[in-house]
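# Examining the three-dimensional arrangement
Each chain, written out:
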Amino acid sequence: MFIYLSKKIAIPNNIHLKCVSWNKDQGFIACGGDDGLLRVLKLESQTDDAKLKGLAAPSNLSMNQTLDGHSGAVQVVTWNEQYEKLTTSDQNGLIIVWMLYKGAWYEEMINNRNKSVVRSMSWNADGQKICIVYEDGAVIVGSVDGNRDLGKS
């Protein structure tokens, strides 16, 4: 599947973007950048009729929400598509799990190890577990309900 998005999206004050992640199942795009910038966009879905006719995908946005919570540059964004969650981390090590509720994104959980910066995060295929890798070599595995299952330094 190929998507061509021809719509320009304004980023306030020319803030530099650091990361992007696409939730292909629901059509969300998360963009993270300097100064705590975190935006969630959603593309309008294409009708079955348009798909059959081979028409280009629409470039209209049905969501363009700025999420407040980070103060440092947002460096990692990852989706949990099964549970409709977004997990983000910034240069200060703050991790926020966001949930979709009544058409808008809200903070669900916040965690800060206060020791190191997150370099990578990934949810497993069924969305039950997340693996978080820190710059200092620590690896933490947690569950979707917020419990820590494993921690290795």
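What counts and how
- Residues numbered from 1 in each chain as written.
- Predicted model: local features only at pLDDT ≥ 70, side-chain atom pairs only at ≥ 80, totals over all residues.
- Heavy atoms only, no water.
- Helix = DSSP H or I, 4+ residues; strand = E, 2+ residues; numbered from the N terminus.
- Buried < 20%, exposed > 50% of the residue type's maximum accessible area, 1.4 Å probe, protein only.
- Contact = heavy atoms within 4.5 Å.
- Pairing = 2+ DSSP bridges.
- Axes fitted to C-alpha atoms, helices over the stretch in contact; angles between N-to-C directions.
- Salt bridge = Lys/Arg side-chain N within 4 Å of Asp/Glu carboxyl O.
- Core = buried A, V, L, I, M, F, W, Y, C linked by side-chain atoms within 4.5 Å.

## Re the overall build of the protein chain
A count of helices and strands for the protein chain gives 1 helix and 12 strands. The order of helices and strands in the protein chain, counted from the N terminus, is β-β-β-α-β-β-β-β-β-β-β-β-β. When the 153 residues of the protein chain are sorted by exposure, 41% land in the buried category. Excluding contacts between residues fewer than 6 apart, the proportion of contacts in the protein chain whose partners are at least 24 apart in sequence is 40%.

## A closer look at the sheet that holds strand β10 (residues 129-134)
Read from one edge of the open sheet, 4 strands run β9-β10-β11-β12, paired in antiparallel fashion. Each edge of the open sheet is held by one strand with a lone partner, namely β9 (118-123) and β12 (148-152). The sheet shows a mean angle of 15 degrees between the axes of neighbouring strands, taken without regard to direction. In this sheet, β12 lies alongside strand β11 (residues 139-143) in antiparallel orientation, the contact comprising 4 bridges. Bridge pairing in β12 places Val141 opposite Leu150.

## Some thoughts on the pattern of salt bridges
For the structure on display, the rule yields 6 salt bridges. Across the salt bridge formed by Glu81 and Lys24, the nearest N and O atoms sit 3.8 Å from each other. On the criterion of sequence distance, the pair formed by Glu81 in the loop between β5 (74-80) and β6 (85-90) and Lys24 in the loop between β1 (17-23) and β2 (28-33) is long-range, its members being 57 residues apart. The buried category is assigned to Glu81, whose relative accessible area is 14%. Ionic pairing is found between Arg113 and Asp136, a salt bridge with its closest N-O pair at 3.0 Å. With a gap of 23 residues between them, Arg113 in the loop between β8 (104-112) and β9 and Asp136 in the loop between β10 and β11 connect regions that are remote in the sequence. Among the residues examined, Asp136 registers a relative accessible area of 43% and is labelled partly exposed.

## Considerations on the sheet that holds strand β7 (residues 94-101)
Pairing in this open sheet of 4 strands is antiparallel, and the strands run β5-β6-β7-β8 from one edge to the other. Each having just a single partner strand, β5 and β8 make up the two edges of the open sheet. When strand polarity is set aside, the average angle formed by the axes of neighbouring strands in this sheet is 20 degrees. The pairing of β5 with β6 spans 6 bridges and is classified as antiparallel. When the sheet's bridge partners are listed, Val74 is paired in β6 with Asp90.

## Side note on the nonpolar core
Formed by 15 residues in total, the largest nonpolar core has its most connected members in Val40, Leu67, Val77, Trp79, Leu86, Trp98 and Trp105. Among the secondary structure elements, those contributing two or more residues to this core are β2, β3 (38-43), β5 and β7. In this structure, Leu86 is in contact with Ala30, Val40, Leu67, Val77, Thr78, Trp79, Ile96, Val97, Trp98 and Trp105, ignoring residues within four places of it in sequence. If you look at the next biggest cluster of nonpolar residues, it comprises 11 residues, including Ile130, Ile132, Ile140 and Val144.

Honestly, it's all geometry; don't read function into it.
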